[in-house]
Amino acid sequence: MCFEFDARPPALPADLVCPVAGGAKAELLDLESADGSRFSTALAGSAESSDVGVVILPDVRGLYRFYIELAERFAEAGRHAIAIDYFGRTAGTGERDEEFDFWPHVEKTTPAQIQDDIRAAIDALRERTSASSIVTVGFCFGGLQSFLASADGMDLAGCVGFYAGLNTDRWGIASPVERAADIRGPLLGLFGEEDQGIPVERVREFDQNLTEAGVEHEIKLYPGAPHSFFDRKYEEFADACADAWRRVLGFVQGVEERVGSKG
């Protein structure tokens with residue numbers, strides 16, 4: 001299980017708050033996926049013009065308040081962001097609450113469907129903001145989807161995964177560990193050394209496979225941090241959360257500099 005329902009996203013380090021961004025509020029939008037299904041998103045546009053936007057891929061519970069607020073945090077840092085829900089096909093649209101029984105819907109959801117939803121979210125972010133290049137930032141189940149999207153050749157400028165699941169047995173497909181050579185870098189992976197659901201040895205295998213494949217990447221293992229360390233009460237893992245914010249926003253900045261140099 002990930003964090004408690006009433007958890008809040010960790011605050012941005014003060015020096016990372018964009019002075020002109022203001023307190024951006026997310027707008028709830030229903031989008032249409034490739035198969036005609038409707039699904040919900042939360043888009044937070046920053047007052048700062050940015051060429052690189054962020055698509056947030058939640059944990060297994062889908063779009064609920066934590067991820068809506070997280071999109072707003074990215075906007076405060078000067079990055080346009082959109083968070084998506086996974087379960088429009090089976091549970092209808094709308095923000096998820098504490099009573100939502102997510103597992104039956106997770107079991108009916110496939111990576112291919114999620115990738116179609118990511119593409120629709122990318123299109124919406126590009127249409128409604130200045131973002132032209134996209135980085136996916138996923139958490140747990142969503143971290144796995146972030147890596148799979150890159151491996152499947154989606155038009156991404158980079159991918160990030162927080163304590164990303166590395167097991168794809170339920171779908172009968174190869175995991176990002178085995179598909180490291182397919183990933184279109186850059187990639188940032190953030191994991192806790194005390195994560196009981198993601199063995200450190202598996203993370204290190206992923207790191208080694210990416211290195212051998214020549215994929216630009218960074219894997220960070222936080223000593224003493226459990227699964228969902230970024231999602232816990234900020235005070236419990238404040239140093240790790242602040243460092244993670246710096247790494248993610250630095251990663252996005254690096255992507256923007258790379259995109260700009262190519263332009």
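Look up: the structure comes first, before these words.
Below, the structure is looked at part by part.

Another point: the packing of aromatic side chains. With the rule as written, the count across this model stands at 19 aromatic pairs. With 5.5 Å between their ring centres and 85 degrees between their planes, Tyr64 and Tyr67 make a pair best called edge-to-face. We note that Tyr64, like Tyr67, is buried. The interplanar angle of 75 degrees and the centroid separation of 4.9 Å between the aromatic rings of Phe66 and Tyr67 together place this pair among those described as edge-to-face. Of the two residues, Phe66 and Tyr67, both sit in the buried class. Across from the ring centre of Phe100, 4.7 Å away, lies the NZ or CZ of Arg96, which sits over that ring. Stacked on the ring of Trp171, the Lys or Arg Arg170 has its end atom at 5.4 Å from the ring centre.

Another point: the nonpolar core. Ranked by internal contacts, the top residues of the largest apolar core, which has 61 residues, are Ile56, Phe74, Phe162 and Phe230. Here this core takes 9 residues from helix H7 (residues 238-262), the largest share from any one element. Every residue in contact with Phe74, bar those within four places of it in the chain, is listed here: Val54, Ile56, Arg79, Ala81, Val137, Trp245, Val248 and Leu249. Counting 30 residues, the second-largest nonpolar core is a separate cluster that includes Ala120, Ala149, Met154 and Trp171.

Right, let's get into the pattern of salt bridges. Inspection of every chain in the model, using the stated rule, returns 19 salt bridges. Across the pair Glu127 and Arg128 runs a salt bridge whose closest N-O atoms are separated by 3.8 Å. Linked by salt bridges that have partners in common, Asp35, Arg89 and Asp117 make up one network.

Bringing the packing of helix H4 (residues 111-128) against helix H5 (residues 141-151) into the picture now. Orientation of H4 relative to H5, taken along the N-to-C sense of each, is 80 degrees, at an axis distance of 10 Å. In terms of axis orientation, H4 runs roughly perpendicular to H5. Side by side, H4 and H5 meet where Pro111, Ile114, Gln115 and Ile118 of the first sit next to Phe141, Gln145, Leu148 and Ala149 of the second. Across the contact of H4 with H5, the residue classes break down as 6 nonpolar, 2 polar and no charged.

Thresholds applied
- Residues numbered from 1 in each chain as written.
- Predicted model: local features only at pLDDT ≥ 70, side-chain atom pairs only at ≥ 80, totals over all residues.
- Heavy atoms only, no water.
- Phe/Tyr/Trp six-rings, centres within 6.5 Å; stacked < 30°, edge-to-face > 60°.
- Buried < 20%, exposed > 50% of the residue type's maximum accessible area, 1.4 Å probe, protein only.
- Lys NZ or Arg CZ within 6 Å of the ring centre and 35° of its normal.
- Core = buried A, V, L, I, M, F, W, Y, C linked by side-chain atoms within 4.5 Å.
- Helix = DSSP H or I, 4+ residues; strand = E, 2+ residues; numbered from the N terminus.
- Contact = heavy atoms within 4.5 Å.
- Salt bridge = Lys/Arg side-chain N within 4 Å of Asp/Glu carboxyl O.
- Axes fitted to C-alpha atoms, helices over the stretch in contact; angles between N-to-C directions.
- Parallel < 35°, antiparallel > 145°, perpendicular 65-115°, else oblique.
- Nonpolar A, V, L, I, M, F, W, Y, C, P; charged D, E, K, R; others polar.

Function cannot be read off these values alone, since they describe shape.
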